[in-house]
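# Architecture and fold: a report
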Amino acid sequence: MKIRVPDYFKEFKCIASECEDTCCAGWQIVIDNETFIKYQNISGKFGQRLRSEIVQQNGENIFVLKGDNCSFLNEGKTCDIYSELGEDSLCYTCRQYPRYMEEFGNLREIGISLSCPEAARIILRDHKKVEFEISETQEEITSYNDINPMLFINLLQCRKMVIDILQNPYINLENRVSLLLKFTSEIQKSIDEDNIQGIKDVKEKYLDNDFINEAINSLDKYKAKGKVKYRNIHELYKVFKELKHINQNDPLHLDELLMYFGQSDAREEVYFDKHNQFNKYYEDKMYKFENLLVYFVYRYFMKAVFDYDVSAKVKTAVVSYLMIKELFVLRWMKNGEFTDEDAVDEMHTYSKDIEHLEENIETLAKLFKTNDVFKLDELLIMLMN
Ligand code: SF4
């Protein structure tokens, strides 16, 4: 089995009670069957407590929440199951978190989730470009996914190219993201036409520097469309408002965004003025967005091998980038400064609130096909203005 990890993976260590958030609050933890059966056999008072704090919901066993917290989260912000029974008795989700894993035949890809603040700190930390490391284990492959090998190989090569584009320091970030959208929309077209072989031609085109320069120049036609961008961004706020959230307290401050940047000419002027100021203020830290985009591409791009929807994977990354930048600007406006810890807080909250709920990712994927604001041209206008 081949294992691929980002180079920062080995640096992660849970900071437990030192953590400013906790992964034991704000969401429901589903207990895997193996652990659930194990919990039925734990004797004594703790065994009784364990069973009494589990409920069934939609056919799944979950830990009861007390307010927002898992029942086993104690005042010292550590876990009672961990201290009473040891790490091996944690359910699969708690044992793994914030590590995530995806398998494609004999390739296993692992990473750490942005929803954990300590992982976010590591992912966002510096402008050294992220590399990916491959190792090999003797582990037997227990199940092969039912995937198209030709599509898999092509997507793997395309993802490498996408990450190279995102990490190209000679192209400004908005152009890189625009190229990424254009490249993947052409890959998607080949897939939709059932022409997997055709992906090879798209790849060759995007490996040619002359073509890349022309493609960048052609983006000029999307500039000077501030009004359209402003309208689209407003629609984006509304889309996010309709998604599911981890609590009722507007964790992404969408009401504030809608209030600050309501639909009027005066508000539009303030919007562009603030964004321009922030872009200058944050110039040296734009690598954090590069790291964010690479994170999303590494984590989701290859899942297209299962559903043939590479466009949705990339649009999720781009829309997340656009939305997170709005959150950054809002916080900077309110505080008059924007620290690295603010960046960690905004990105991990976004990830916890949006990315971690499969339903949100599925809703977005559907909207990418039905809401005009997610068409390629509209996204390019949002990036180029
Ligand atoms: S959110 Fe991350 S650092 Fe915090 S307790 Fe959970 S795993 Fe540890």
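None of the values given here were measured: they were computed from a predicted structure. Position numbers for residues count from 1 along each chain, tracking the sequence in the order it is written. The predicted nature of this model means local features are confined to residues of pLDDT at least 70 and side-chain atom pairs, given and counted, to a pLDDT of 80 or more, with totals for whole chains, interfaces and linings taken over all residues. With hydrogens and water set aside, each side-chain value is computed from the structure's full complement of heavy atoms.

Here the focus is the overall build of the chain. Helix and strand assignments come from DSSP, with helices taken as H or I runs of at least 4 residues and strands as E runs of at least 2, each series counted from the N terminus. Helix and strand counts for the chain stand at 18 helices and eight strands. Radius of gyration: over C-alpha atoms. The globule rule applied is 2.2 Å multiplied by the number of residues raised to the 0.38 power. Radius of gyration (C-alpha) of the chain: 22 Å, near the 21 Å computed for a compact globule of 385 residues. Overall, the C-alpha framework of the chain stretches about 70 × 50 × 35 Å when taken along its three principal axes. Think of it in three bands: residues with accessible area under 20% of the maximum for their type are buried, residues over 50% are exposed, and the middle band is partly exposed, with areas taken using a 1.4 Å probe on protein chains only. Expressed as a percentage of the 385 residues in the chain, the buried residues total 51%. In what follows, residue pairs with any heavy atoms lying within 4.5 Å of each other are defined as contacts. Intrachain contacts of the chain at a sequence separation of at least 6 include 76% that bridge at least 24 residues. About 19000 Å² of surface is accessible on the chain, with carbon and sulfur atoms providing 48% of the total. We get accessible surface area from the Shrake-Rupley algorithm with a probe of 1.4 Å; when it comes to residues, only the shown protein chains can shield them.

On the secondary structure map, Leu-173 appears in helix 7 (residues 173–192). Between the C-alpha atom of Leu-173 and that of Glu-290, which follows or precedes it by 117 residues, the distance is 7.4 Å.

So, on to the sheet that holds strand 7 (residues 107–112). Taken together, four strands build an open sheet; the order of strands is 6-7-1-8 and the sheet is mixed. Each edge of the open sheet carries a strand with a single partner, namely strand 6 (99–104) and strand 8 (132–136). Neighbouring strand axes in the sheet, compared pairwise and without regard to direction, differ in orientation by 20 degrees on average. Strands are treated as partners if at least two bridges between them are detected by DSSP. Whenever a helix is involved, its axis is fitted only over the stretch in contact; in every case the axis is a line through C-alpha atoms, and angles between N-to-C directions fall within 0 to 180 degrees.

To form a nonpolar core, buried Ala, Val, Leu, Ile, Met, Phe, Trp, Tyr and Cys residues must be joined to one another through side-chain atoms within 4.5 Å. Judged by nonpolar contacts, the single largest core of 125 residues is most densely connected at Phe-63, Leu-155, Phe-240 and Phe-289. Broken down by element, the residue count for this core peaks at 15 residues, all from helix 15 (residues 310–335).

A few words now on the site of the ligand. All residues adjacent to the ligand are Cys-14, Ile-15, Cys-19, Cys-23, Tyr-97, Pro-98, Cys-116, Pro-117 and Glu-118. Residue composition of the shell around the ligand, by class: eight nonpolar, no polar and one charged. Only heavy atoms are used to decide nearness, and a residue is near a molecule or strand if one of them lies within 4 Å of it. Residues were grouped as follows: Ala, Val, Leu, Ile, Met, Phe, Trp, Tyr, Cys and Pro as nonpolar; Asp, Glu, Lys and Arg as charged; and all remaining residues, including Gly, as polar.

Here we take up the packing of aromatic side chains. Any two of the Phe, Tyr and Trp rings considered here, Trp counted by its six-membered ring, make a pair once their centres fall within 6.5 Å; the pair's planes then place it as stacked at under 30 degrees, edge-to-face at over 60, or tilted in between. This model, assessed by the stated rule, comprises 30 aromatic pairs. Ring geometry for Tyr-230 and Phe-272: centres 6.4 Å apart, planes at 50 degrees, overall tilted. Of this pair, Tyr-230 sits in helix 10 (residues 226–242) while Phe-272 sits in helix 12 (residues 265–281), and the two are 42 residues apart along the sequence. We note that Tyr-230, like Phe-272, is buried.

Residue Pro-98 is reached from Tyr-97 by a cis peptide bond, and omega for that bond is 5 degrees. Here Pro-98 is to be found in the loop between helix 4 (92–96) and strand 6. Residues other than glycine seldom take positive phi values, yet Ala-224 does so here, at roughly 60 degrees. Within the secondary structure, Ala-224 is located in the loop between helix 9 (209–218) and helix 10. Backbone geometry at Tyr-308 places phi at a positive 60 degrees, although glycine is not the residue there.

The contact between helix 12 and helix 15 brings their axes to 10 Å, and the two run at 90 degrees. With respect to helix 15, the axis of helix 12 lies roughly perpendicular. In contact with Tyr-271, Lys-274, His-275, Gln-277, Phe-278, Asn-279 and Tyr-281 of helix 12, helix 15 contributes Lys-325, Glu-326, Phe-328, Val-329, Trp-332 and Met-333. A class-by-class count of the residues in the contact of helix 12 with helix 15 yields seven nonpolar, three polar and three charged. To sort the angles, those under 35 degrees are grouped as roughly parallel, those over 145 as roughly antiparallel, those from 65 to 115 as roughly perpendicular, and the leftovers as oblique.

With that settled, consider the pairing of strand 6. For strand 6 and strand 7, the ladder comprises six bridges, and the chain directions are antiparallel. If you follow Met-101 over to strand 7, its bridge partner there is Ile-110. Hairpin connection, strand 6 to strand 7: the antiparallel pair is bridged by two residues, and Gly-105 has positive phi, about 60 degrees.

Here the focus is helix 2 (residues 44–52). One turn of an α-helix holds 3.6 residues; hence residues three or four places apart share an orientation. By the burial criterion, the buried members of helix 2 are Phe-46, Gly-47 and Leu-50. Looking straight down helix 2, one finds that the buried residues subtend no more than 105 degrees of arc, so they occupy a single side. Those residues of helix 2 that are exposed and aimed more than 90 degrees away from the buried face are Lys-45, Gln-48 and Ser-52. Note that the arc is defined by the directions from the helix axis to the C-beta atoms.

Our focus in this paragraph is the pairing of strand 3 (residues 60–63). Where strand 2 (residues 54–57) meets strand 3, four bridges bridge the pair, whose relative direction is antiparallel. Across the sheet, residue Gln-56 finds its bridge partner in strand 3, namely Asn-61. The loop that links strand 2 with its antiparallel partner strand 3 comprises two residues; one of these, Asn-58, has a positive phi angle of about 50 degrees.

As a further point, take the side chain of Glu-53. One can find Glu-53 in the loop between helix 2 and strand 2. Polar contact criterion, stated in full: a pair of N or O atoms within 3.5 Å, where within protein one must be able to donate a hydrogen and the other to accept it, and residues adjacent in sequence count only if both atoms are side-chain atoms. There is a polar contact of 3.4 Å between the side chain of Glu-53 and the side chain of Ser-71. Those residues within four positions of Glu-53 in sequence are excluded, and the remaining contacts are Ile-62, Phe-63, Val-64, Lys-66, Ser-71 and Phe-72.

Where helix 7 meets helix 9, the axes come as close as 10 Å, and the angle between the chain directions of the two elements is 105 degrees. Here helix 9 runs roughly perpendicular to helix 7, going by the angle between their axes. Contact with helix 7, carried on its side by Asn-175, Leu-179 and Lys-182, involves Ile-212, Ala-215, Ile-216 and Ser-218 of helix 9 and no other residues of that element. A breakdown of the residues in the contact of helix 7 with helix 9 according to their chemical character gives four nonpolar, two polar and one charged.

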